Amino acid sequence: TYELLETIEEAGIKVTINSSRCDGTFHGSYAYRGMARTMNLCPGDTVDDVDHETVRHETWHAIQHCINMMRGTPVNTPVVEDTNELAAVVNQELSSDLVSKIKASYPVDHWLIEFEAYLAERTLTNADLQKHFVDACTSY
């Protein structure tokens, strides 16, 4: 995870840990204003598996952002633009409980990017994500 975070920071994304934005309601977030980007991580006093998953999840959001900027597509567009293909993988890899939780936690226009980010955190390694990130966000 440390190498992944180093790569993200080297690409210009500010990484904060336990900033004042961490209010106990989320584990992390990826925020941007244009190309000024920040990954906020909220592990608390100890780092556990959920925190490593959060880094992978938020990294996927950074990748989505880079790809959408490159493609000129709306920011809520998943990397996999074929929604039928994405739905098939979501139904195969994510539990129905998690899908319901995502739908209850996010506005409808965020569902696809959240499904995709949850898929990435669960199915890709840090090395996979590092490669995708470098390809999407540093290879202009």
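Residues numbered from 1 in each chain as written. Predicted model: local features only at pLDDT ≥ 70, side-chain atom pairs only at ≥ 80, totals over all residues. Heavy atoms only, no water.

### Digging into the sheet that holds strand 3 (residues 36-41)
Point 1. Strand order across the open sheet formed by three strands is 1-3-2, with mixed pairing between neighbours. Strands with a single pairing partner mark the edges of an open sheet, and in this sheet they are strand 1 (13-17) and strand 2 (28-33). Along the sheet, successive strands turn relative to each other by an average axial angle of 15°, direction set aside.
Point 2. Strand direction decides the pairing type here: strand 2 and strand 3, joined by six bridges, are antiparallel. Paired with R33 across the bridge in strand 3 is A36. (Pairing = 2+ DSSP bridges. Helix = DSSP H or I, 4+ residues; strand = E, 2+ residues; numbered from the N terminus. Axes fitted to C-alpha atoms, helices over the stretch in contact; angles between N-to-C directions.)

### Quick word on the packing of helix 1 (residues 2-10) against helix 6 (residues 126-137)
Point 1. Where helix 1 meets helix 6, the axes come as close as 9 Å, and the angle between the chain directions of the two elements is 10°. As the angle between them shows, helix 1 and helix 6 are arranged roughly parallel. Where helix 1 approaches helix 6, its residues E3, L4, T7 and I8 are matched on the opposing element by N126, L129, Q130, F133 and V134.
Point 2. Within the contact of helix 1 with helix 6, the residues separate by chemical class into five nonpolar, three polar and one charged. (Parallel < 35°, antiparallel > 145°, perpendicular 65-115°, else oblique. Contact = heavy atoms within 4.5 Å. Nonpolar A, V, L, I, M, F, W, Y, C, P; charged D, E, K, R; others polar.)

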